Structure formats: structure tokens, C-alpha cells
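Next come the chains, spelled out residue by residue.
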Amino acid sequence: MSPLKKLVDGTKTRKVKTDHLLRVDDHDFTMRPAFAGPAVPVGVDVQVESLDSISEVDMDFTMTLYLRHYWKDERLSFPSSTNKSMTFDGRLVKKIWVPDVFFVHSKRSFIHDTTTENIMLRVFPDGHVLYSLRVTVTAACNMDFSRFPLDSQTCTLELESYAYTDEDLMLYWKSGDESLSTDDRISLSQFLIQKFHTSSRLAFYSSTGWYNRLYINFTLRRHIFFFLLQTYFPATLMVMLSWVSFWIDRRAVPARVSLGITTVLTMSTIITGVNASMPRVSYIKAVDIYLWVSFVFVFLSVLEYAAVNYLTTVRDGKDRKLREKAREQALPCTCGMSHTRTMMLDGTYSEADTNSLAGYTRAPMVPEDPPEKQERMVVHLSLDSESTGTKKKRRGFRIIQNTHAIDTYSRMIFPGAYIIFNLIYWSVYC
């Protein structure tokens, strides 16, 4: 073969410019490859560098990834004896055709530009092209909080061509599920990443037609330990603290009222704190059920003491009336009492003297004639040796009666009902 017929290796000739080597100026790169022909197959693969944040309030996620496109454009083929590719930066991308892939349902996205634009273009001699860029995107994620914080969320990042329908451009995952790779060091403070996987299907728009759409799906499961420490344990302790009221003397009104109000206000603070960091959804979340049931238990303990105090007041009023009525109907009698002495006090006795006679039986005396004599009072002093023991027994009986029957039943009913609620709650949501 004549040496003149050998092809010149353009990659080894420094004097040949890139534009001349790739014949950029000889073609119209505003049109896709094989214009008016079959759809251009564009393979895609993604490497997830980081999953930066998951926001429940905004219902979105932020992800940084390497997005790579593979296609063939014969207009970019060049002669090469070594079959080596050429690599360029983002300056050449503006002169050739590249797929117009965008992120569906994205809120914000940008290509990193430190220190230069993070874009790489690799062209092979046969016209195959690798186009790679580093992108951070914030996309919407429709989250369901009905099981929060015992929930799992599945978010999706969607890729699609903006201008070319499936008749002009066919997007596909280059290697199936292996087209998606992730960094093993990816971790989130509140979630556990369970699974990444890919999928694809056609998307239809009534005004423009059908488009190939690629999906990056990942499933996240929320860590529960944080919420156990910050929400569930404090709420449970407040409910248990409200039960202390059942063991406090029913006549200690300040102690029981202040304890009930404190637990109610603390539960209100916990509920407000949890809802402040959540979106205002119109359905009930799992944590709402637990907190509001706990709040009801605390509130019922306050109502329980209100009922005990009211019934105690009513009963004391009835007992007082019965004692007064019995005292009015009682007649003084000193006959047949061998161990009783009677003390006569004239009208000159002092109040201190009468208070010191707590164990005496008093009876009014019939005024003697003539009427100008001072009034006298008969005080019966019981000398029974059993009087001291009887007094101690009555005092102990009064201490026992200070616990109302409602308090006694509440000590068993409230803890039992709350334990049953917890068993049902955790069996349903775990």
C-alpha cells in the first residue's frame, strides 16, 4: 500500500485544531443526529454522590449526582490509528448537539461550577459520545405522614427529554438496574436508606405527545429512636406522673390541682413542638394519635380529682347536717354513769378553760331560781380507761377514709387502660 494512502492520525498532530478535527463547522448541530430518521437512542446512567437532605415541611429532597449520557453522532467521528478517545470540557458542549434532559418536578437544580463547570465530554473515533455532568437537584417528593414517625417514604427523581418525543429521542437505562450506583458512605441523620432502583415508562402530554421518562426510586425508613427519646418517652412519663395524684390525700387541694395543671400544660407543649416541625396535613398522623390519647389520660386525671373533690364536699355537708341534727335531739343524762364526774362551771369560766376540756361531755343546766343567779354549765368528765385507745382507732379510721373510692379504682383503671392502648398502638404501627 502506498504511504500516501495512509490515514493521518489527527490526534497526534498538534497543529490540527479540535474544530477542524471534529468538523464542527461542517455540520448543523442544531439538529439531532440522523435527523428525520429513526429515534436517537440515548443511554443514561447515574451515580448518586450524596443525598443531602429530606424536608418534611417542604416535601422535597436534595440530591447530588453524576449524570452521564451515551449516544452516537457520526458527525463527530474522526480518524485515529490508536482508537483512543478525546476528552473535552464544557466549552465544546455549546458547539455540538447534546440531549436536552431535564428533571421533572424539580424545584431547583444547578451544575457545579467550581473551579470550572463540572462538565466532561468524551468523543470516540467512531462517533460515540459520553457526556457527563455533576448536578445538584432539589425535587418534590409526595410523602404520606399517616404513619409518622413509624413511616417509610419512597421518593422519585424523574428524567425526561424536554423537546424530543419518543419518535425523535429514546431515553433508556444503559445497563438496567446496574445503571444506578450509590456511594456507600451516604447516610442521613433521620432516615435509613433501604433501596435504590430504576424504572422507566412513557409519559403523555396532551399537547405535545409521548416522551420517554426514566425514574430513580429510593426508599427511606425513618429512625424511630430519636422520636422515642423526644416524644414518646416524655409523653408516657407525663401520663404516669398524672397518676401520682391518685395517691395524694384528697383534701390536699393545692398539691393535686397544681400537679394536674402541670402535666396538662407539658403535654400541650409536646404536641405543639411536634406539629411545629411538620407540614399542616389534613389527616391524622400516628404520633397525633399517641399524643392526643396521652393528653386525654392526663386531662381525665384532672377531671377525676374534680369529681372526688365535689363528692367529698357534698358528703361532708350531709355529715355536718346529720351531726347538728343529732346534737339538737340529744338530751343530757348523767344517771347510771358510775365512772363519770360532773363539773359545775359558773358563768365566769374563760374560753381557754373550755378548750382544755375537750374530753368532757357538756350539757346545759336548767336555770335556778332566783333568775339573777349566773348561768352554769355541767361538764361530764368520763374516766373510762378505754377512751384513749378509742380515740386512736378513730383517728386511724379517718386517715383511711381520706382516700376516696374513686381514687382507689383509678389506681387500677388508668394504668390498665393505658397499657392496653400501648399494646394496640405498637402492634398496629410496628
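Quick note: structure is the one above.
What comes next is a walk through the structure. Worth saying up front: this structure is predicted, and the values here are computed from it rather than measured.

What about the overall build of the protein chain?
Here is step 1: Assigned secondary structure in the protein chain consists of eight helices and 15 strands.
Here is step 2: Of the contacts formed within the protein chain by residues at least 6 apart in sequence, a portion of 76% connects residues at least 24 apart.
Here is step 3: Accessible area for the protein chain stands at about 26600 Å²; split by element, carbon and sulfur atoms hold 57% of it.

Topic: the nonpolar core
Here is step 1: Leu-22, Val-46, Leu-51, Phe-61, Leu-121 and Leu-157 are the most contacted members of the largest nonpolar core, which totals 81 residues.
Here is step 2: Beyond its immediate sequence surroundings of up to four residues, Leu-121 is in contact with Met-86, Thr-87, Phe-88, Leu-92, Val-93, Ile-96, Val-129, Leu-130 and Tyr-131.

Describing unusual backbone geometry
Here is step 1: Note that the residue after Thr-114, namely Thr-115, is joined by a cis bond; omega there is 0°.
Here is step 2: A cis amide bond, omega 0°, links Phe-148 with the succeeding residue Pro-149.
Here is step 3: The topology assignment puts Pro-149 in the loop between strand E7 (128-140) and strand E8 (152-161).
Here is step 4: Phi at Ala-36 is positive, roughly 70°, even though this residue is not glycine.
Here is step 5: Secondary-structure assignment places Ala-36 in the loop between helix H1 (18-22) and strand E1 (40-55).
Here is step 6: Not every positive phi belongs to a glycine, and Met-59 is a case in point at roughly 55°.
Here is step 7: On the secondary structure map, Met-59 appears in the loop between E1 and strand E2 (60-72).

A few points about the pairing of E8
Here is step 1: Of all ten residues that make up E8, seven are buried, and the element is covered over most of its length.
Here is step 2: Pairing between strand E4 (residues 101-104) and E8: four bridges, direction antiparallel. Looking at the pairing, Phe-103 lines up with Leu-159 of E8.
Here is step 3: Pairing of E8 with strand E12 (residues 209-222), which is carried by nine bridges, proceeds in the antiparallel orientation. Among the inter-strand pairings, Thr-154 is bridged to a residue of E12, identified as Thr-219.

Focus on the sheet that holds strand E11 (residues 191-205)
Here is step 1: The four strands lie next to each other as E4-E8-E12-E11, forming an open sheet whose pairing is antiparallel. Both outer strands of the open sheet, E4 and E11, are each paired with one neighbouring strand and no more. Averaged over all adjacent pairs, the angle separating strand axes in this sheet is 25°, with direction ignored.

Quick notes on helix H8 (residues 405-429)
Here is step 1: Taking 1.5 Å of rise per residue, the 25 residues of H8 would be expected to cover 36 Å, and the 37 Å separating its terminal C-alpha atoms lies within 8% of that figure.
Here is step 2: Of all the bends in H8, the largest measures some 30° and sits at Arg-411, one to four residues before the proline Pro-415.
Here is step 3: Among the residues making up H8, those that are buried are Asp-407, Ser-410, Phe-414, Pro-415, Tyr-418, Phe-421, Asn-422, Tyr-425 and Tyr-429.
Here is step 4: Contact partners of the buried residues in H8: helix H3 (225-243), helix H4 (253-276) and helix H5 (286-329).

Structural notes on the pattern of salt bridges
Here is step 1: Taken as a whole, this structure holds 15 salt bridges when the rule is applied.
Here is step 2: Between Glu-49 and Arg-134 there is a salt bridge, with the nearest N and O atoms lying 2.9 Å from each other. A residue pair is termed long-range when its members are at least 10 positions apart, and Glu-49 in strand E1 and Arg-134 in strand E7 qualify at 85 residues.
Here is step 3: Using a relative accessible area of 22% as the deciding quantity, one classes Arg-134 as partly exposed.
Here is step 4: Of the charged contacts, one joins Glu-158 and Arg-213 as a salt bridge, the two residues approaching to 3.0 Å between their closest N and O atoms. With Glu-158 in strand E8 and Arg-213 in strand E12, the pair connects residues that are 55 residues apart, well separated along the chain.
Here is step 5: A residue is classified by how much of its surface remains accessible, and Glu-158, at 10% relative accessible area, is buried.
Here is step 6: Relative accessible area serves as the criterion here: at 10%, Arg-213 is assigned to the buried category.
Here is step 7: Because the salt bridges share partners, they merge into one network encompassing Glu-56, Asp-151 and Arg-222.

As for the state of the cysteines
Here is step 1: Under the counting rule described, the total for this entry stands at one disulfide.
Here is step 2: Each disulfide pairs two cysteine sulfurs, and for Cys-141 the partner residue is Cys-155, the sulfurs being separated by 2.0 Å. In this structure, the disulfide formed by Cys-141 and Cys-155 twists by about -85° around the S-S bond and is classed as left-handed. Taken as a pair, Cys-141 in the loop between E7 and E8 and Cys-155 in strand E8 lie far apart in primary sequence, 14 residues in all. With respect to class, Cys-141 is no different from Cys-155; both count as buried.

What about the environment of Phe-191?
Here is step 1: In this fold, Phe-191 is placed in strand E11.
Here is step 2: Considering only alpha carbons, one finds Phe-191 and Ile-54, 137 residues apart in sequence, at a separation of 8.6 Å.
Here is step 3: Once residues within four sequence positions are removed from consideration, Phe-191 is found in contact with Ile-54, Glu-56, Gln-153, Leu-220, Arg-221, Arg-222 and His-223.

Let's talk about the pairing of E2
Here is step 1: Pairing geometry for E1 and E2, over eleven bridges, is antiparallel. When the bridges of E2 are listed, Gly-43 appears paired with Tyr-70.
Here is step 2: Relative to E7, E2 is paired through 13 bridges, and the arrangement is antiparallel. Looking at the pairing, Asp-60 lines up with Ala-140 of E7.

Concerning the environment of Val-104
Here is step 1: Note that Val-104 resides in strand E4.
Here is step 2: Judged by its relative accessible area of 7%, Val-104 is buried.
Here is step 3: Once the C-alpha coordinates of Val-104 and Ser-161 are considered, the two residues, 57 residues apart in sequence, prove to be 9.5 Å apart.
Here is step 4: Ignoring any residue separated from it by four or fewer positions in sequence, one finds Val-104 in contact with Glu-158, Glu-160 and Arg-213.

What counts, and where the lines are drawn
- Residues numbered from 1 in each chain as written.
- Predicted model: local features only at pLDDT ≥ 70, side-chain atom pairs only at ≥ 80, totals over all residues.
- Heavy atoms only, no water.
- Helix = DSSP H or I, 4+ residues; strand = E, 2+ residues; numbered from the N terminus.
- Contact = heavy atoms within 4.5 Å.
- Areas by Shrake-Rupley, 256 points an atom, 1.4 Å probe, with all protein chains shown as cover.
- Core = buried A, V, L, I, M, F, W, Y, C linked by side-chain atoms within 4.5 Å.
- Buried < 20%, exposed > 50% of the residue type's maximum accessible area, 1.4 Å probe, protein only.
- Pairing = 2+ DSSP bridges.
- Axes fitted to C-alpha atoms, helices over the stretch in contact; angles between N-to-C directions.
- Expected span 1.5 Å × (residues − 1).
- Bend = angle between axes of the 7 residues up to and from the residue.
- Salt bridge = Lys/Arg side-chain N within 4 Å of Asp/Glu carboxyl O.
- Disulfide = S-S within 2.5 Å.

Functional significance is not addressed by these values, which are geometric in nature.
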